[in-house]
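# Coordinate inspection notes
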Amino acid sequence: MKKILMALVLGLGIGTTACADDVITRNVADIPAPAREVLNKHFSNTKVSYIKIEKDLFQSPTYEVQLVNGWEVCFDSKGNWTEVDCQRNEVPAVFIPDFIKKEVNVMFPGEKITRIEKDPREYEVELTNDVDMKFDKKGKIKEID
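Residues numbered from 1 in each chain as written. Predicted model: local features only at pLDDT ≥ 70, side-chain atom pairs only at ≥ 80, totals over all residues. Heavy atoms only, no water.

### A closer look at the environment of Gly139
Turning to its location among the elements, Gly139 is positioned in the loop between strand 8 (132–136) and strand 9 (141–144). When the C-alpha atoms of Gly139 and Ile100 are compared, they prove to be 6.8 Å apart, with 39 residues separating the residues in sequence. (Helix = DSSP H or I, 4+ residues; strand = E, 2+ residues; numbered from the N terminus.)

Here you go:
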């Protein structure tokens, strides 16, 4: 009985790993239209280095777009941005909610936001001074690190 159970678990593990499939492409047409619009509108001055399409078992695909200047923009399966990482440069203001701009300006005057990530519950930002801040969707600071 133990051998059968172990074989079943091993087979399930191999099957799950085999079904997870990442694709690397340079073809911008492979990402959803809203993601293409974001790239064209806000990052038109730089070219795409590559796009990593992550397809995990039982999950919708996600898209990680690496630009030639080192910046990275991530999108969910519908083409909504989930992360913008501009390395040591400032994230375009259009991606930063006003309540985050206000708090950063009050608490850390002169510092710029270099990375922003959002999910359904919160935002996380990184500043030029390497401080990380988390906000809930209503603008309340949850954490500073």
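### Re the nonpolar core
Residues Phe43, Phe75, Val84, Ile100 and Ile116 are the most contacted members of the largest nonpolar core, which totals 31 residues. When near neighbours in sequence (up to four residues on either side) are disregarded, Ile100 contacts Ile113, Ile116, Tyr123, Val125 and Phe135. (Core = buried A, V, L, I, M, F, W, Y, C linked by side-chain atoms within 4.5 Å. Buried < 20%, exposed > 50% of the residue type's maximum accessible area, 1.4 Å probe, protein only. Contact = heavy atoms within 4.5 Å.)

### Considering the side chain of Glu64
For Glu64, the location among the structural elements is in strand 3 (residues 62–67). Despite its burial, Glu64 remains without a salt bridge, the nearest opposite charge being carried by Lys52 at 5.1 Å. Ignoring anything within four residues of it in the chain, the contact list for Glu64 reads Tyr50, Ile51, Lys52, Glu54, Glu72, Val73 and Cys74. (Lys, Arg positive; Asp, Glu negative; His and termini not counted. Salt bridge = Lys/Arg side-chain N within 4 Å of Asp/Glu carboxyl O.)

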